[in-house]
Amino acid sequence: MFAALSLGLLALALPAAAFIECNVLTYGAVADNTTDLGPALTKAWQQCVIPNVKTTVASDVLLYVPAGNFLLKTNVVFDDAANWNLHIAGNIYLPFNPALTGTMLTFENCENILLNGPGAIFGNGYRYRPGGNLSLNPSRPRLIRFQNCNNCEITAVTLFDAPQFHVTIIGNNNVAHDMAIIASHIGETDGFDMSGNNNYVHDVSVENGDECVTVKTPTNGFLAERITCKFTAGCNIGSFGAGNTAVNVQNVVYRNVTISNSDAGIMIKSYPDNVGIVKNISYTDFQMSAAAYPLYISVFWAGDGVDTGKLQISDVNFNTVTGTGTPTRPAVLLDCNKATPCESINFSGISLTNTKPNQIANACGSGTSSLPAC
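Fair warning: this is a prediction, and the values are worked out from it, not measured in the lab.

*Asks:* In this structure, what is going on with the overall build of the protein chain? I would like to understand it.
*Replies:* Secondary structure assignment for the protein chain yields two helices and 26 strands. Relative to a compact globule of 374 residues, whose C-alpha radius of gyration would be 21 Å, the protein chain shows 23 Å and is just as compact. For the protein chain, the C-alpha atoms occupy an extent of roughly 75 × 65 × 35 Å along the three principal directions. Relative to its full complement of 374 residues, the protein chain shows a buried share of 51%. Relative to all contacts within the protein chain whose residues are 6 or more apart in sequence, the contacts with residues 24 or more apart total 71%. Averaging the locations of the 18 positively and 27 negatively charged side chains of the protein chain gives two centres separated by 4 Å.

*Asks:* What should I look at first to understand helix 2 (residues 38-52) in this one?
*Replies:* Turn by turn, an α-helix covers 3.6 residues, leaving residues three or four places apart pointing in a common direction. Between its first and last C-alpha, helix 2 extends 20 Å over 15 residues, near the 21 Å set by a 1.5 Å rise per residue. At Trp45, helix 2 is deflected by roughly 40 degrees, the largest bend along its length. Where helix 2 is concerned, the buried positions are Gly38, Ala40, Leu41, Ala44, Trp45, Cys48 and Val49. Against the buried residues of helix 2 lie strand 1 (20-23), strand 2 (61-65), strand 4 (76-79), strand 5 (82-88) and strand 7 (103-108).

*Asks:* Sorry, what's going on with the packing of aromatic side chains here?
*Replies:* Two aromatic rings, taken as a pair, are described by how far apart their centres are and by the angle between their planes. The tally for this structure, following the rule as stated, stands at 16 aromatic pairs. Taken together, a centroid distance of 5.2 Å and an interplanar angle of 10 degrees make the contact between Tyr283 and Phe318 stacked. Of this pair, Tyr283 sits in strand 20 (residues 275-291) while Phe318 is found in strand 22 (residues 310-324), placing the two residues 35 residues apart along the sequence. Take Phe318: its relative accessible area is 1%, and that puts it in the buried class. Joined through ring pairs, the aromatic side chains of Phe222, Tyr254, Tyr283, Phe286, Phe318 and Phe347 make up one cluster.

*Asks:* Help me out: how do you make sense of the state of the cysteines in this one?
*Replies:* Any covalent bond linking the sulfur atoms of two cysteines counts as a disulfide. All chains considered together, the criterion is met by five disulfides. The disulfide partner of Cys110 is Cys149, and the gap between their sulfur atoms is 1.9 Å. Handedness of the Cys110-Cys149 disulfide follows from its S-S torsion of about 120 degrees: it is right-handed. Of this pair, Cys110 sits in the loop between strand 7 and strand 8 (111-116) while Cys149 sits in strand 10 (residues 142-150), and the two are 39 residues apart along the sequence. Here Cys110 and Cys149 have matching classes, each one buried. There is a disulfide in this structure between Cys212 and Cys229, and the S-S distance comes to 2.1 Å. Its S-S torsion of about -80 degrees marks the bond between Cys212 and Cys229 as left-handed, since a negative value means left-handed. Within this pair, whereas Cys212 is found in the loop between strand 15 (192-207) and strand 16 (213-230), its partner Cys229 is found in strand 16, the two being separated by 17 residues in sequence.

*Asks:* Even after reading the chapter, I still don't get the environment of Val175, so can you show me in this structure?
*Replies:* Note that Val175 resides in strand 14 (residues 175-182). Sequence-wise, Val175 and Gly349 are 174 residues apart; in three dimensions their C-alpha atoms are separated by 30 Å. Excluding residues that lie within four positions of it along the chain, Val175 makes contacts with Cys152, Glu153, Ile154, Tyr200 and His202.

*Asks:* Looking at this structure, how should I read the side chain of Gln147?
*Replies:* When you line up the elements, Gln147 lands in strand 10. Only 2.7 Å separates the side chain of Gln147 from the side chain of Arg145, close enough to count as a polar contact. Apart from the residues within four sequence positions on either side, Gln147 is in contact with Phe107, Glu108, Asn109, Cys110 and Ile170.

*Asks:* Sorry, what's going on with the nonpolar core here?
*Replies:* Where a protein is soluble and globular, its nonpolar side chains tend to be buried together. Leu41, Leu63, Phe78, Trp84, Leu86, Phe146 and Val213 are the most contacted members of the largest nonpolar core, which totals 94 residues. Apart from residues lying up to four places away in sequence, Leu63 is in contact with Cys22, Val24, Leu41, Ala44, Trp45, Val49, Phe78, Trp84, Asn85, Leu86 and His87.

*Asks:* Just checking my understanding: could you explain the pattern of salt bridges for this structure?
*Replies:* Scanning the model with the defined rule gives six salt bridges in all. Residues joined by salt bridges that share partners form a network here, namely Asp203, Glu225, Arg226 and Arg255.

*Asks:* Hey, could you run me through the side chain of Thr189 in this one?
*Replies:* Tracing the chain through its elements places Thr189 in the loop between strand 14 and strand 15. Setting aside anything within four residues of it in sequence, one finds Thr189 in contact with Arg129, Ala162, Gln164, Phe165, His166, Ala183, Ser184, Asn208, Gly209 and Asp210.

*Asks:* What should I look at first to understand the pairing of strand 21 (residues 295-298) in this one?
*Replies:* Remark: a regular strand shows side chains that alternate across the two faces of the sheet. Of the two faces of strand 21, the one carrying Leu295 and Ile297 and the one carrying Tyr296 and Ser298 are both buried. The pairing of strand 19 (residues 266-269) with strand 21 spans four bridges and is parallel. For Ile268, the partnering residue across the bridge sits in strand 21 and is Ile297. As paired elements, strand 21 and strand 23 (residues 332-335) share four bridges and run parallel to each other. Each bridged residue has a counterpart across the sheet, and for Leu295 the counterpart in strand 23 is Val332.

*Asks:* Looking at this model, I keep getting lost on the environment of Gly125. Mind explaining?
*Replies:* Along the polypeptide, Gly125 turns up in the loop between strand 9 (120-122) and strand 10. Along the backbone, Gly125 and Arg142 are 17 residues apart, and their C-alpha atoms lie at a distance of 9.5 Å. What Gly125 contacts, discounting residues up to four positions off in sequence, is Asp161, Ala162 and Pro163.

Cut-offs used in this document
Residues numbered from 1 in each chain as written. Predicted model: local features only at pLDDT ≥ 70, side-chain atom pairs only at ≥ 80, totals over all residues. Heavy atoms only, no water. Helix = DSSP H or I, 4+ residues; strand = E, 2+ residues; numbered from the N terminus. Rg over C-alpha atoms; globule rule 2.2 N^0.38 Å. Buried < 20%, exposed > 50% of the residue type's maximum accessible area, 1.4 Å probe, protein only. Contact = heavy atoms within 4.5 Å. Lys, Arg positive; Asp, Glu negative; His and termini not counted. Charge placed at Lys NZ, Arg CZ, Asp CG, Glu CD. Expected span 1.5 Å × (residues − 1). Bend = angle between axes of the 7 residues up to and from the residue. Phe/Tyr/Trp six-rings, centres within 6.5 Å; stacked < 30°, edge-to-face > 60°. Disulfide = S-S within 2.5 Å. Polar contact = N/O pair within 3.5 Å; in protein donor to acceptor, adjacent residues only side chain to side chain. Core = buried A, V, L, I, M, F, W, Y, C linked by side-chain atoms within 4.5 Å. Salt bridge = Lys/Arg side-chain N within 4 Å of Asp/Glu carboxyl O. Pairing = 2+ DSSP bridges.

Any functional reading would require information beyond the geometric quantities listed.
In structure tokens:
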């Protein structure tokens with residue numbers, strides 16, 4: 001009893017962890033949409049956030065961008081960051097600067113970071129590609145990157161029109177949810193590019209002209225659900241680049257997805273010289289409206305077209321996919337390597353209209369016309 005009493009008194013004597021707010025205004029930021037926010041973010045992180053991280057509760061230490069309009073002129077890298085919260089309440093704008101490249105906000109080698117809103121980041125991407133010219137400023141910047149990061153979360157921040165990709169997450173056990181990406185209907189504006197193990201994307205909407213929510217290699221375990229994609233290039237796996245000899249994507253689930261007015265619906269896409277495996281993939285409850293290439297698996301998405309690869313794609317299940325495609329594209333296109341045909345590609349509850357007939361080569365499975373059994 002005395003031991004328990006002593007422990008109880010000790011607990012009362014210990015101070016509770018205090019909430020710490022590191023406001024960028026204290027470290028040189030000015031909400032005038034002119035002063036560079038980058039140095040203030042770095043200074044607040046180094047001088048306030050790092051010294052005050054005492055717990056593993058990310059929200060205990062807040063790097064705070066308050067209401068107002070801020071200009072982010074330079075790249076910011078939070079390296080070896082852990083256990084804190086970047087909270088954006090205001091609006092962050094990118095300038096037009098042809099020399100600006102890289103990623104504007106990078107978390108590298110990080111653990112347990114929370115990035116949240118309700119603020120927004122405006123990429124002003126249209127200024128980097130006037131008239132839709134993607135080659136004019138090919139090194140234009142991206143918005144947010146989590147590189148080698150685990151147990152991180154991004155939510156409630158709205159991203160507008162990145163000059164290039166919006167969110168890239170590489171690592172394990174990360175979550176992106178309850179947020180929107182709104183961009184020009186043009187290529188190289190990817191929404192969420194994900195790789196690693198057991199990552200999760202849910203309750204997000206993406207309007208752009210490229211990838212919506214996409215899985216890259218390596219990945220083992222990924223779930224995306226309640227996703228809305230408008231004017232996108234679909235929810236995809238790949239591509240993997242030319243000559244990649246280590247493709248490994250397994251145990252991927254997409255469900256409850258709406259895709260409209262898009263260049264593609266569901267795609268697994270690679271180069272003809274890729275080697276490796278894509279296995280145990282599930283797509284369930286998709287509603288499509290005017291989606292070109294609704295169901296697409298091709299090892300000839302890009303490259304020279306010479307079939308030299310050995311990418312083994314297997315155990316892919318399409319369940320309850322309804323809506324409309326486009327009259328110039330097949331509902332189902334399967335175009336796989338001769339050396340490693342796609343195996344166990346199964347369809348159930350597919351009802352897609354306004355499409356061309358299926359096109360199938362080097363694949364087997366069940367549930368759709370012209371697909372031989374394995």
